[in-house]
Amino acid sequence: MAAPKVAVVGAGVIGLSTALCIAESCPSCAVTVLSDQFSPNTTSDVAAGMLIPHTYPGTPIHVQKQWFKETFTYLFAIGNSAEASEAGIHLVSGWQVFKNTPKEELPFWSDVVLGFRPMSKAELQKFPQHRFGQAFTTLKCDCPPYLLWLEKRLKATGVQIYTRKVADPWELQSEYDVVVNCVGIGAQRLVGDEKLFPVRGQVLKVHAPWVKNFIRDGDGLTYIYPGIHRVTLGGTREKDNWSLSPDPGTTKDIFDRCCSLEPSLRGAQDIKVKVGLRPSRQSVRLEREVLSQGGVKLPVVHNYGHGAGGFSVHRGTAKEAARLVGECIAALQGSSSRAKL
């Protein structure tokens, strides 16, 4: 068959990195990215981009760890290159603090991040309300520059990128051999996934260049993540809330919570408020499916539903999605060669 045509729908961090992995692992493929929204208007642009995994109850831990490790290794290499600044990737050290000692003192990802250890008594004095803590160094990805860097890499590898709203995978059937669904919360409409729900996140992006260390409350609700230019303060987790409008009461609450962890933030300037809808489900949907309509078949690979943890596992899930696309293409080539016989 001619060069297989693959359409990746969605241009957040999952869509762009999946398209890049397909282009890298299948150079003979013609890959196209289709989306009605691109940076700076994607959910990924709102994300803090900290590599601290979120746990998916429906996904085996060894699988989650593999995704995280592949992502960490990939971003660590970029962070160690001349492209680190353009891609918005840097190492950041800090603390995860708990009011009570957690059941799991060693999370599954503790040996992937750098220098993971329990906090000392002296360090904990900085957080008088907290009784236990973990110190480590991880990677922080400033999302808008990283998305632009991914787009640039895609164009350099010959991937086509078009603005287009896709309402149904079938509308792509006549133009593409395989469709890859990376539309995040849009999968509720695109493929009717009722297991998917939004978790609204409101964050503040502030100018506070003196804040160098991340601080994360162990419940994951309050966090301070310093980026290259701005510090992200968070946050909220509001299940089934579709509102993209910033809430002033929430802004004040987030700011006050973060100042209780880091009082110097009272001097933060130029506060911008951002809202995103995390595409959440019990487990990431990462699988191939063959849709069938009137005897016509359409191979689809799904890669969505990463919730709060997309950045931490994006490269790992993209590699797996690219492998599944390879399986779809092998199946198509097998059936076209059998047809010739």
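Under an unreviewed UniProt entry, the chain has the name D-aspartate oxidase and belongs to Glareola pratincola. Per UniProt, the chain has the following entry under Sequence similarities (unreviewed entry): "Belongs to the DAMOX/DASOX family." The record held by UniProt for the chain lists under Function (unreviewed entry) the comment "Selectively catalyzes the oxidative deamination of acidic amino acids. Suppresses the level of D-aspartate in the brain, an amino acid that can act as an agonist for glutamate receptors. Protects the organism from the toxicity of D-amino acids. May also function in the intestine."

Trainee: Can you help me understand the overall build of the chain in this one?
Mentor: Along the backbone of the chain there are 9 helices and 15 strands. Relative to the globule expectation of 20 Å for 341 residues, the C-alpha radius of gyration of the chain, 21 Å, shows essentially globular dimensions. Taken along the three principal axes of its C-alpha coordinates, the chain extends 75 × 40 × 40 Å. Nonlocal contacts in the chain, meaning residues at least 24 apart in sequence, comprise 76% of its contacts between residues at least 6 apart. Approximately 15,400 Å² of the chain is accessible, and the part contributed by carbon and sulfur atoms is 53%. Of the side chains in the chain, 39 bear a positive and 31 a negative charge, and the two mean positions are spaced by 2 Å.

Trainee: When you look at the nonpolar core in this model, what are you seeing that I'm missing?
Mentor: In globular proteins that are soluble, nonpolar side chains generally tend to be buried together. In this structure, Val 6, Val 8, Val 33 and Tyr 146 are the most contacted members of the largest nonpolar core, which totals 65 residues. With 9 residues, the single largest contributor to this core is helix α9 (residues 310–340). For Val 8, the contacting residues outside a window of four places in its chain are Gly 15, Ala 19, Ile 22, Val 31, Thr 32, Val 33, Leu 34, Val 180 and Cys 182. By size, the runner-up hydrophobic cluster in this structure holds 21 residues, among which are Ala 135, Ile 224, Leu 233 and Leu 261.

Trainee: Just checking my understanding: could you explain the pairing of strand β9 (residues 214–217) for this structure?
Mentor: Two faces belong to every sheet, and in a regular strand the side chains alternate between them. The alternating pattern of β9 places Phe 214 and Arg 216 on one face and Ile 215 and Asp 217 on the opposite face, and all of these are buried. Relative to β9, strand β3 (residues 89–98) is paired through 4 bridges, and the arrangement is parallel. Considered in β9, the bridge of Gln 96 is made with Arg 216. Here 2 bridges tie β9 to strand β10 (residues 223–226), and the two strands are oriented antiparallel to one another. Paired with Arg 216 across the two strands is Tyr 223, which belongs to β10. The hairpin formed by β9 and β10 contains 5 residues between the paired strands, and Gly 220 there has a positive phi angle of roughly 80 degrees.

Rules behind the numbers
- Here the residue index of a chain counts from 1 through its sequence in written order.
- In view of the model being predicted, local features appear only for residues whose pLDDT reaches at least 70, and side-chain atom pairs are presented and counted only at 80 or more, with totals across whole chains, interfaces and linings using the full set of residues.
- Derived side-chain values reflect all non-hydrogen atoms in the structure, with water molecules and hydrogen atoms excluded from consideration.
- UniProt positions are given in the numbering used here, feature names are shortened, and annotations may be inferred rather than shown by experiment.
- For the purposes of this entry, the term helix denotes a DSSP run of H or I that reaches at least four residues, the term strand denotes a run of E that reaches at least two, and both are numbered from the N terminus.
- Atoms counted for the radius of gyration: C-alpha only. Globule rule: 2.2 Å times the number of residues to the power 0.38.
- For this analysis, residues touch if any pair of their heavy atoms sits within 4.5 Å.
- Surface exposure here means Shrake-Rupley accessible area, sampled with a 1.4 Å probe, where a residue is shielded only by the protein chains that are shown.
- Charge convention: Lys and Arg are scored as positive, Asp and Glu as negative, and His as well as the terminal groups of each chain are ignored.
- Every charge is mapped onto a representative atom, which is NZ of Lys, CZ of Arg, CG of Asp or CD of Glu.
- Only buried residues count toward a nonpolar core. Its members are Ala, Val, Leu, Ile, Met, Phe, Trp, Tyr and Cys residues joined through side-chain atoms within 4.5 Å.
- Each residue's exposure class comes from its accessible area (1.4 Å probe, protein chains only) as a fraction of the maximum for that residue type: buried when under 20%, exposed when over 50%, partly exposed otherwise.
- By this definition, two strands are paired if DSSP reports at least two bridges between them.

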